[in-house]
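# Close look at the chain arrangement
So you can see what is in the structure, the chains are spelled out below.
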Amino acid sequence: VAQARKPFKGSGRQLRVDVPVEGHNYAVLIGEGLLDRAGDLIGARLRGQRILVVMDEAVATPHAQILFKSLSSCTGVEAYTCKVASGEQSKNIKELTKLWMSLGASNVGRDGAIIAIGGGMVGDLAGFAASTWLRGIDLFLIPTTLLAMVDASVGGKTAINSTLGKNLIGSFWQPRLVLADVSTLRTLSEPEYCSGLAEVIKYGIVKDRALFELIEERCDSILCRDPETLSEIIEWCCSIKGQIVVRDERESGERELLNFGHTIGHAIESKLGYGVVRHGEAVAIGMMAEARIAAEIGTGWSDAAHERLEELLTIFRLPCDLKREGAPSARALLDSTYSDKKVRSGQVRYALPTALGEAKTGFEVSDEIVLKVLRELGAAE
Ligand SMILES: NC(=O)c1ccc[n+]([C@@H]2O[C@H](COP(=O)([O-])OP(=O)(O)OC[C@H]3O[C@@H](n4cnc5c(N)ncnc54)[C@H](O)[C@@H]3O)[C@@H](O)[C@H]2O)c1
């Protein structure tokens with residue numbers, strides 16, 4: 001089982017979570033200054049010498065530069081680069097083909113590896129390339145967004161988007177190592193940073209009341225991106241996700257808990273348009289809607305808990321309702337929940353909170369209740 005609160009190499013600020021997925025044990029190292037040590041940390045785990053570094057163009061300077069400097073200290077390592085344009089639109093077959101071509105041109109063999117540096121977009125794209133090149137080569141993830149640190153980098157899901165939908169083509173491919181250097185978060189824009197906080201809050205709601213309370217207590221340090229507080233919180237989230245993934249890698253049970261806020265969140269993203277609303281923003285509204293559904297059907301979710309959720313989202317400048325120009329209709333959102341890839345036998349199954357820090361999966365909710373809640377939140381008629 002993934003272990004929490006484990007100091008890394010004696011330094012108070014560097015933490016480690018082990019994710020022992022069967023046959024693919026790996027560590028998530030969290031702290032400041034890990035990029036400077038990436039050469040040693042990755043070098044010790046390389047099987048061969050050729051690696052392709054796939055980077056989001058937004059992190060080319062300064063973060064990827066620091067990575068390259070550190071890799072240059074690894075004797076014999078030959079690092080090639082492939083830059084990907086920022087934004088979700090790059091997570092497609094064309095960019096994937098570009099990565100395959102770069103792997104071929106750089107002669108990256110079975111003992112080679114990909115290092116992905118950037119947010120979840122690059123992690124998913126490069127992860128899919130790693131899982132398919134020569135039927136699978138090693139993958140090292142260096143997440144540089146909060147969302148990628150607490151969510152996308154743990155669990156081994158990789159994917160690309162297509163005209164068929166988001167993330168429908170992909171694979172499960174666990175990384176060899178994840179380096180979450182919290183210093184990289186300093187250059188992230190405020191909306192991107194806050195978007196990641198929605199997922200952090202989600203972990204508190206579905207799994208850990210103490211985490212939720214820590215976020216409440218330290219919201220000022222979180223907003224200031226204090227590295228110690230961030231390291232602690234990221235470690236906590238990775239530990240929760242790691243434990244769930246170890247028990248349910250393929251999302252057949254417990255992993256569904258992490259979908260809280262995402263059934264309606266995905267509907268909002270697809271109806272408002274990807275890029276118009278950030279994932280974390282859609283999840284924030286999704287959590288408000290699904291928590292209200294929980295109250296309506298009487299899961300035990302209280303008004304007091306609901307107010308605390310709303311307060312925290314507001315402090316982190318995340319949206320709590322759909323009151324905006326061009327809000328989709330409640331009916332369109334409801335219909336969209338039925339095309340979510342998690343629908344089983346035509347029935348939408350919600351993961352809903354039962355109390356602060358506890359949730360259950362598999363709730364089937366009537367269309368009337370979903371429509372009522374969406375209208376209350378400001379969806380059009
Ligand atoms: N694999 C999984 O389990 C999983 C889980 C959740 C989300 N995802 C995927 O992750 C993606 C979303 O991830 P994201 O929110 O990290 O988006 P992203 O990778 O698109 O990054 C968001 C923005 O931040 C910029 N950026 C990244 N790091 C930066 C830094 N340190 N400084 C300045 N700018 C920086 C990027 O250029 C981009 O503009 C989606 O594609 C989603 O499907 C995957």
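Please refer to the structure higher up on the page.
The structure reproduced in this document is the subject of the present report. A quick note: this is a predicted structure, and the numbers were derived from the prediction, not measured.

On to the overall build of the protein chain, then. A count of helices and strands for the protein chain gives 14 helices and twelve strands. The C-alpha radius of gyration computed for the protein chain amounts to 20 Å, which stays within 12% of the reference 21 Å derived for 381 residues, consistent with globular compactness. Dimensions of the protein chain, computed from C-alpha atoms along their principal axes, come out at roughly 65 × 45 × 40 Å. Here the protein chain holds 381 residues, and 56% of them are scored as buried. Sequence-distant contacts, at least 24 apart, represent 75% of the contacts inside the protein chain between residues at least 6 apart. Surface accessibility of the protein chain: about 15,300 Å² in total, with carbon and sulfur atoms responsible for 48%. Across the protein chain, the centroid of the 44 positively charged side chains sits 6 Å from that of the 50 negatively charged ones.

A few words now on the pattern of salt bridges. Pairing of side chains with opposite charge becomes possible as their charged atoms draw close. Going through the model one piece at a time under the given rule, you end up with 25 salt bridges. A salt bridge links Glu199 to Lys202, with the shortest nitrogen-to-oxygen separation between them at 2.9 Å. Highlighted residues: Glu199 and Lys202, both in helix H6 (residues 190-207), separated by three residues, approximately one helical turn. Taken individually, Glu199 and Lys202 each receive the classification buried, so the pair is uniform in this respect. Lys372 is the salt-bridge partner of Glu296, the closest N and O atoms lying 2.5 Å from each other. Of this pair, Glu296 sits in helix H11 (residues 279-297) while Lys372 sits in helix H14 (residues 367-376), and the two are 76 residues apart along the sequence. Among the residues examined, Glu296 registers a relative accessible area of 36% and is labelled partly exposed. With relative accessibility at 37%, the residue Lys372 sits in the partly exposed group.

Only a minority of non-glycine residues have a phi that is not negative, and only a minority of peptide bonds are not trans. Cis geometry marks the peptide bond from Thr61 to Pro62, where omega comes out at 0°. Looking at where Pro62 falls in the secondary structure, it is placed in helix H2 (residues 60-71). The phi angle at Asn107 is positive, at roughly 55°, despite the residue not being glycine. Position of Asn107 among the secondary structure elements: in the loop between helix H3 (93-105) and strand S6 (113-118). Under the relative-accessibility criterion, Asn107 is labelled exposed at 55%.

Time to look at helix H9 (residues 227-247). Here H9 is 21 residues long and its end C-alpha atoms lie 30 Å apart, about the 30 Å a rise of 1.5 Å per residue gives. Of all 21 residues in H9, 17 are buried; the element is thus mostly enclosed.

Below, the discussion takes up the pairing of strand S5 (residues 78-84). Relative to S5, strand S4 (residues 50-56) runs parallel, the two sharing seven bridges. The residue bridging Ile51 from the neighbouring strand is Ala79, located in S5. Crossover connection from S4 via H2 to parallel S5: handedness right-handed.

A few words on the side chain of Arg225. Here Arg225 lies in the loop between helix H8 (219-223) and H9. Buried Arg225, no salt bridge; nearest opposite-charge side chain is Glu190, N-O distance 5.2 Å. Among residues more than four places away in sequence, those in contact with Arg225 are Leu185, Arg186, Leu188, Ser189, Glu190, Tyr193 and Leu230.

To continue, consider a nonpolar patch on the surface. Together, Leu164, Leu168 and Ile169 give the surface a local cluster of nonpolar side chains, amounting to about 290 Å² of exposed area. Note on placement: Leu164 falls in the loop between strand S8 (157-162) and strand S9 (165-172). You can call Leu164 exposed: its relative accessible area is 67%.

How each quantity is defined
Residues numbered from 1 in each chain as written. Predicted model: local features only at pLDDT ≥ 70, side-chain atom pairs only at ≥ 80, totals over all residues. Heavy atoms only, no water. Helix = DSSP H or I, 4+ residues; strand = E, 2+ residues; numbered from the N terminus. Rg over C-alpha atoms; globule rule 2.2 N^0.38 Å. Buried < 20%, exposed > 50% of the residue type's maximum accessible area, 1.4 Å probe, protein only. Contact = heavy atoms within 4.5 Å. Areas by Shrake-Rupley, 256 points an atom, 1.4 Å probe, with all protein chains shown as cover. Lys, Arg positive; Asp, Glu negative; His and termini not counted. Charge placed at Lys NZ, Arg CZ, Asp CG, Glu CD. Salt bridge = Lys/Arg side-chain N within 4 Å of Asp/Glu carboxyl O. Expected span 1.5 Å × (residues − 1). Pairing = 2+ DSSP bridges. Right-handed = clockwise from strand over helix to strand, strands pointing away. Patch = residues over 30% accessible without salt bridge, like charges linked within 9 Å, V, L, I, M, F, W, Y side chains within 5 Å.

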